[in-house]
Protein chains: 2
Amino acid sequence: MEFIKEEELLARPKDWRTQFVNSLSGYKSANLIGTCSAEGLENLAIFSSVVHLGAHPPLMGLVSRPFAPGVERHSVENMRSTGQFTINQVHTGIYKQAHQSSARYSREESEFAAVGLQPFYVEGFGAPAVAEAHIQIGLRFLEAKPIEQNNTLFIIAEIDWVRYPREALADDGHILLHKIDTAALAGLDSYYQGQALERLPYAKPDKPLL
Amino acid sequence: MEFIKEEELLARPKDWRTQFVNSLSGYKSANLIGTCSAEGLENLAIFSSVVHLGAHPPLMGLVSRPFAPGVERHSVENMRSTGQFTINQVHTGIYKQAHQSSARYSREESEFAAVGLQPFYVEGFGAPAVAEAHIQIGLRFLEAKPIEQNNTLFIIAEIDWVRYPREALADDGHILLHKIDTAALAGLDSYYQGQALERLPYAKPDKPLL
């Protein structure tokens, strides 16, 4: 095992450090965030930081990229101004298009058209979902907590609706991600698919699993 | 595709809703959090909410489970009282032990001994790492932001040191997770391993990948 202290890490080239630190948390969720600006311009961007926050009420969270003078963050601006967005799971059939959405397109250009994905609208909900995604979630923006340490935001949102394929749903509510080819991200740019190991029962102290 | 609105979701049995909502974000990171109480009692617990927050400075975040009257949250209490903890990637060789750490052991019982994993201490750092983990990270606790919507906390921490295997590191700093058998979680209890699809170049608007 190699050992590296923070001081050494900070002395490495910036790109090396970015790749290394981005790999440390393990596999990351790969999701496309769909929004519309107040003027009606569509936006689509890949995020690797979507997390489950809780089921009662149904909440999800995500981390924005750092804000800096002159930097535009279209997804976050749209969430705040319209109060709505969608989360769409990336799968093995659309991961290249999803990755391409990370390019810096201008505000006027829709990433849907640029990368070749179709917007899908649920009636009465203003933010576009990704028609090709197997899990599509409509959310109401609740709050953006500033993370002062690096000028990012932790965004909290409540689930308004979900579209999902019946055949991936287990009787107990669990969704079998390998049946819908869900993709995962490692680091900044490495795409994976999941291979099921095992589903384990609820753990109890007096009943070790081993 | 099936469609479900929040009202219908809230009307489902609590366990069904927990499973369903936990599956929506896609694959989740699987990490063991190692801590020591102020009295020197070791604690180990699996978390599926560890996220990358930024590389400059190197920051990671995670979400606690809900706080409620009478509920003990040993990991978070220890982080706050000692200011230190470790994050250890779960891999295919230890996922059963990692899952077993989610059982409600008493404060006096060390999950290391109970599930069969070895604590490892870096000199001068008070929180135990998991000797069997292929990626071990020492962190300094910075802040716990209350998520008022469901009584959880978003914890922010800075990386102090990392232990990693030389053979998994690419020249540019990226860690090849499939070389170290990193595991992922889906929902509450479903374990996966990653199968590499592709590493994609930095995306640019004028250079579509497709």
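Shown above is the structure to which this text applies.
Given the structure is predicted, the values throughout are model-derived calculations rather than measurements.

S.K.: Please clarify how the overall build of chain A should be interpreted in this entry.
M.R.: Within chain A one finds five helices and 13 strands. Radius of gyration (C-alpha) of chain A: 18 Å, near the 17 Å computed for a compact globule of 210 residues. Within chain A, contacts between residues at least 6 apart in sequence are counted, and of these 60% link residues at least 24 apart. Side chains of chain A carry 19 positive and 25 negative charges; the gap between the two charge centres is 4 Å.

S.K.: Is there a simple way to explain the packing of aromatic side chains in this structure?
M.R.: Describing an aromatic ring pair means giving the distance of the ring centres and the angle of the ring planes. Here the structure, examined in full by the defined rule, presents 13 aromatic pairs over all chains. Each ring, one from F20 of chain A and one from Y164 of chain B, has its centre 5.2 Å from the other, and the planes form 75 degrees; the classification is edge-to-face. Of this pair, F20 of chain A sits in helix α2 (residues 14–23) while Y164 of chain B sits in strand β11 (residues 152–164), each in a different chain. Both residues of the pair, F20 of chain A and Y164 of chain B, belong to the buried class. Between the aromatic rings of F125 of chain A and W161 of chain A, the centroid separation amounts to 5.5 Å while the plane-to-plane angle is 85 degrees, which identifies the pairing as edge-to-face. Note that F125 of chain A is positioned in the loop between β8 (119–120) and β9 (129–130) and W161 of chain A in strand β11 (residues 152–164), a separation of 36 residues in sequence. Taken as a pair, F125 of chain A and W161 of chain A share a single burial class, namely buried. Lying over the aromatic face of F120 of chain B, R163 of chain B brings its terminal NZ or CZ to 4.0 Å of the ring centre.

S.K.: For this particular structure, what's the right way to read the side chain of E111 of chain B?
M.R.: All names here are of chain B. By secondary structure assignment, the location of E111 is in helix α5 (residues 111–115). Here E111 is buried and forms no salt bridge, its nearest opposite-charge partner R107 lying at an N-O distance of 10 Å. A polar contact is formed between the side chain of E111 and the side chain of N43, at a distance of 3.3 Å. In this view, E111 contacts E42, N43, L44, S101, Y105 and G116; residues no more than four positions away in its chain are not counted.

S.K.: I would appreciate a short explanation of the relation of the copies chain A and chain B in the present structure.
M.R.: The operation linking the two copies of the chain is a rotation about an axis combined with a translation along the axis. With an RMSD of 0.0 Å, the operation that places chain A on chain B is a rotation of 180 degrees combined with a shift of 0.0 Å along the axis. Seen this way, the second copy is the image of the first under a two-fold rotation axis. For chain A, the minimum C-alpha distance to the rotation axis belongs to G194 of chain A and amounts to 2.4 Å. Interface residue correspondence from chain A to chain B reaches 100%, placing this contact among same-surface, isologous pairings.

S.K.: Please clarify how empty space enclosed by the protein should be interpreted in this entry.
M.R.: A water-sized probe, rolled over the atoms, reveals where empty space remains. With the rule as written, the count across this model stands at four cavities of 30 Å³ or more. Volume-wise, the largest cavity comes out at about 90 Å³. Considering the residues around the largest cavity, the lining is formed by 17 residues, among which S29 and V51 of chain A together with S29, V50 and V51 of chain B are closest to the centre. When contributions to the lining of the largest cavity are tallied by element, the ones reaching two or more residues are β2 (28–29) and β5 (51–55) of chain A together with β2 (28–29) and β5 (51–55) of chain B.

S.K.: Help me understand the interface of chain A and chain B in this model?
M.R.: Each partner contributes to the interface: chain A provides 112 residues, whereas chain B provides 112 residues. Summed over both partners, the interface of chain A with chain B buries about 10000 Å², with 61% contributed by carbon and sulfur atoms. Area buried by chain A at its contact with chain B is led by M1, Y27 and L197 of chain A, which between them contribute 8% of it. The interface formed by chain A and chain B holds ten salt bridges in total. Of the charged contacts in the structure, one is a salt bridge between D189 of chain A and R199 of chain B, with a shortest N-O distance of 2.9 Å. The interface formed by chain A and chain B contains 59 residue pairs in polar contact (both at pLDDT 80 or more). Considering only residue class, the side of chain A that touches chain B consists of 56 nonpolar, 32 polar and 24 charged.

S.K.: What is the right way to read the environment of D189 of chain B from this model?
M.R.: Along the chain, D189 of chain B turns up in the loop between β12 (183–186) and β13 (190–199). C-alpha of D189 of chain B to C-alpha of L153 of chain B: the two residues are 36 residues apart in sequence and 22 Å apart in space. Setting aside residues no more than four positions away along its own chain, D189 of chain B makes contact with H174, E198, R199 and L200 of chain A together with Q19 and H99 of chain B.

S.K.: Which parts of the structure should I look at to understand helix α3 (residues 74–82) of chain B?
M.R.: The periodicity of an α-helix, 3.6 residues per turn, causes residues three or four places apart in sequence to face the same way. Residue and element names in this part refer to chain B. Within α3, the full set of buried residues consists of H74, S75, V76, N78 and M79. Residues of α3 that are buried sit in contact with β3 (31–36), β4 (42–47), β6 (58–63), β7 (84–89), β10 (136–147) and β11. Just beyond α3, the residue with positive phi is G83, at close to 80 degrees.

S.K.: What should I look at first to understand the side chain of E158 of chain B in this one?
M.R.: Mapped onto the secondary structure, E158 of chain B falls in strand β11. Assessed through its relative accessible area of 16%, E158 of chain B is described here as buried. If we skip the residues at most four places from it in the chain, E158 of chain B touches E6 of chain A together with P57, P58, L59, G138, L139, R140 and L142 of chain B.

S.K.: Would you take a moment to explain the pairing of β4 of chain B for this structure?
M.R.: Residue and element names in this part refer to chain B. Burial of β4 is extensive: six of the six residues sit out of reach of the surface. Residues of β4 alternate between two faces, with E42, L44 and I46 on one and N43, A45 and F47 on the opposite face, all of them buried. With six bridges connecting them, β3 and β4 associate as antiparallel partners. Counted as the bridge partner of L32 is I46 from β4.

S.K.: It is not clear to me how the environment of G61 of chain A should be interpreted in this structure. Could you clarify?
M.R.: All names here are of chain A. With respect to the helices and strands, the residue G61 is situated in strand β6 (residues 58–63). Placed twelve residues apart in sequence, G61 and S49 show a C-alpha to C-alpha distance of 8.0 Å. Setting aside chain neighbours within four positions, we find G61 in contact with S49, V50, V51, L53, F154 and I155.

S.K.: Just to check I follow, could you spell out the nonpolar core for this structure?
M.R.: Soluble globular proteins: nonpolar side chains tend toward being buried together. Ranked by internal contacts, the top residues of the largest apolar core, which has 74 residues, are F20 and L24 of chain A together with F20 of chain B. Here F20 of chain B is in contact with V162, Y164, L169, G173 and I175 of chain A together with I4 and L9 of chain B, once residues within four sequence places are set aside.

Here is what the cut-offs are and how they apply
- Residues numbered from 1 in each chain as written.
- Chains lettered and ligands numbered in written order.
- Predicted model: local features only at pLDDT ≥ 70, side-chain atom pairs only at ≥ 80, totals over all residues.
- Heavy atoms only, no water.
- Helix = DSSP H or I, 4+ residues; strand = E, 2+ residues; numbered from the N terminus.
- Rg over C-alpha atoms; globule rule 2.2 N^0.38 Å.
- Contact = heavy atoms within 4.5 Å.
- Lys, Arg positive; Asp, Glu negative; His and termini not counted.
- Charge placed at Lys NZ, Arg CZ, Asp CG, Glu CD.
- Phe/Tyr/Trp six-rings, centres within 6.5 Å; stacked < 30°, edge-to-face > 60°.
- Buried < 20%, exposed > 50% of the residue type's maximum accessible area, 1.4 Å probe, protein only.
- Lys NZ or Arg CZ within 6 Å of the ring centre and 35° of its normal.
- Salt bridge = Lys/Arg side-chain N within 4 Å of Asp/Glu carboxyl O.
- Polar contact = N/O pair within 3.5 Å; in protein donor to acceptor, adjacent residues only side chain to side chain.
- Least-squares fit on C-alpha atoms with pLDDT ≥ 70 in both.
- 1 Å grid on protein atoms, 1.4 Å probe; cavity = no way out; pocket = protein on both sides within 12 Å on 5 of 7 lines; lining within 4 Å.
- Points joined across faces, edges and corners; volume = space filled by probe spheres on them.
- Buried area = accessible area lost by both parts, 1.4 Å probe.
- Nonpolar A, V, L, I, M, F, W, Y, C, P; charged D, E, K, R; others polar.
- Pairing = 2+ DSSP bridges.
- Core = buried A, V, L, I, M, F, W, Y, C linked by side-chain atoms within 4.5 Å.

The values reported here are purely geometric and, on their own, carry no functional implication.
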